[in-house]
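Here is what each chain is made of, one letter per residue.
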Amino acid sequence: MRVGGKRVTEGAAVVAAAGLAAGFTAVYWRDHPLMALFPWYFYAALMLAILVHELGHLLVGRLFGAYPLVVSIGNRRRTGGLRFGSVTVRLGFYPVGQVHWSVQPRPRGQWLTVAAGPLANLIFAGISAAVWAYWALPLLVGYSFTAMSALLGLANLVPFRTREGSYSDGARLFGGDGVRLFGNVPPDSVPSLSDQTRLAFDSPPLPDPQPAADTAETLQRAAGTVRALCEIALTKPDLSAAELELTGTRIAWLAENAPRTPQVEAVLALYERRVGAASELAGGSQRVASVHQGEAE
């Protein structure tokens, strides 16, 4: 992230926010101890709302046959994490969450999978409000958890695109013509929150495989874009031969230029499985055709 034109790491941002919260607590602790803890209520409510949101996507996606590849709660790193079978879980303290799928939900369940995140937030906000009223919780506590979950759910229903190239659930649900529920959102389909370069998932040109020595960060970003393109294509249930061929070109570039991170290895393995499945299907079709030809003779 950037503050005042300067790049600030996520760890530094979290430490700075924690320092401000600790200062606020120290100032108000003597006279207003409940008020002094408000920043911590706020943060806990935000992280819980993010967890509820991603669980909504995850549970409904699984009901419709999807399989998660990476689940991130409070962590935006592209490497590391805890492995649970074929799923990588990344935890942290940064207020962000995302689910990456190795297999997409069935088409009839994709709309519900996308809508499940905001819907889970709104349901949780209603439950939180009921608990707040029934047990007469302190105002700041009840308000923090109820309002934060409701605001996160409603905000995600607004179509927008961030500077990192990620899209809100509203962009996927209501973004307009050509917007895909899974995979990509065309760059001009929804209003942007920034003028920086965005991911274009339809048919972007492959980046230069031999960038200058001072463009390592550009290469890393390009590798992330190509990896995302490959992942999106390979998780489509109906991948055409032309798309598989284009993905093969991208995979070749990725294997030659990208660092062998777990995510890259996972995409390479997924490509091998899809190519193997396509070969078996083609072989089976040829055998069936040969049998029919023999019967005709």
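These numbers were taken from a predicted model, which means no experiment stands behind them.

What counts, and where the lines are drawn
- Residue positions are counted from 1 within each chain, in the order its sequence is given.
- Only residues with pLDDT of at least 70 get local features here, since the model is predicted, and only at 80 or more are side-chain atom pairs given and counted; chain-wide, interface and lining totals rely on the full set of residues.
- Derived side-chain values reflect all non-hydrogen atoms in the structure, with water molecules and hydrogen atoms excluded from consideration.
- Values of pLDDT, which run from 0 to 100, indicate the predictor's confidence residue by residue.
- In what follows, a contact means two residues having at least one pair of non-hydrogen atoms within 4.5 Å.
- Working definition: a ring pair exists when centres of Phe, Tyr or Trp rings (six-membered ring for Trp) sit within 6.5 Å. Plane angles under 30 degrees give stacked, over 60 give edge-to-face, the rest tilted.
- In DSSP terms, a helix is any run of H or I states spanning at least four residues, a strand is any run of E spanning at least two, and both are numbered starting from the N terminus.
- Each residue gets one of three labels from its accessible area relative to the maximum for its type: buried under 20%, exposed over 50%, partly exposed in between, using a 1.4 Å probe on protein chains only.
- Only strands joined by at least two bridges in the DSSP assignment are considered to pair.

**Q** Help me understand the confidence of the model for the chain, please; the structure alone is not making it clear to me.
**A** It should be kept in mind that the predicted coordinates are not to be read in detail where pLDDT is low. Chain-level statistics for the chain give a pLDDT mean of 75 and a share of 73% at 70 or above. Throughout residues 284-292 the model reports pLDDT below 50, and contacts reaching past four residues in sequence, or to other chains, amount to zero contacts.

**Q** So what exactly am I meant to see when it comes to the packing of aromatic side chains here?
**A** When we look at a pair of aromatic rings, we describe it by the centre distance and by the angle of the planes. Scanning the model with the defined rule gives three aromatic pairs in all. Geometrically, the ring pair formed by Phe24 and Tyr28 is tilted, given 4.7 Å between the ring centres and 35 degrees between the ring planes. Here Phe24 pairs with Tyr28, and both are found in helix 1 (residues 10-28), just four residues apart, close to one helical turn. Judged by relative accessible area, Phe24 falls into the partly exposed class, the value being 27%. Taking 4.8 Å as the distance between ring centres and 80 degrees as the angle between the ring planes, the aromatic pair formed by Tyr134 and Trp135 counts as edge-to-face. With respect to burial, Tyr134 and Trp135 carry one shared label: exposed.

**Q** What is the right way to look at the pairing of strand 5 (residues 87-91) in this model?
**A** The element strand 5 is extensively covered by neighbouring structure, given that four of its five residues are classed as buried. Pairing geometry for strand 3 (residues 67-73) and strand 5, over four bridges, is parallel. By the bridge assignment, Val71 is partnered in strand 5 with Val89. Sheet topology note: the strand 4 (residues 82-84)/strand 5 ladder contains three bridges and is antiparallel. The partner of Leu82 across the bridge, within strand 5, is Val89.

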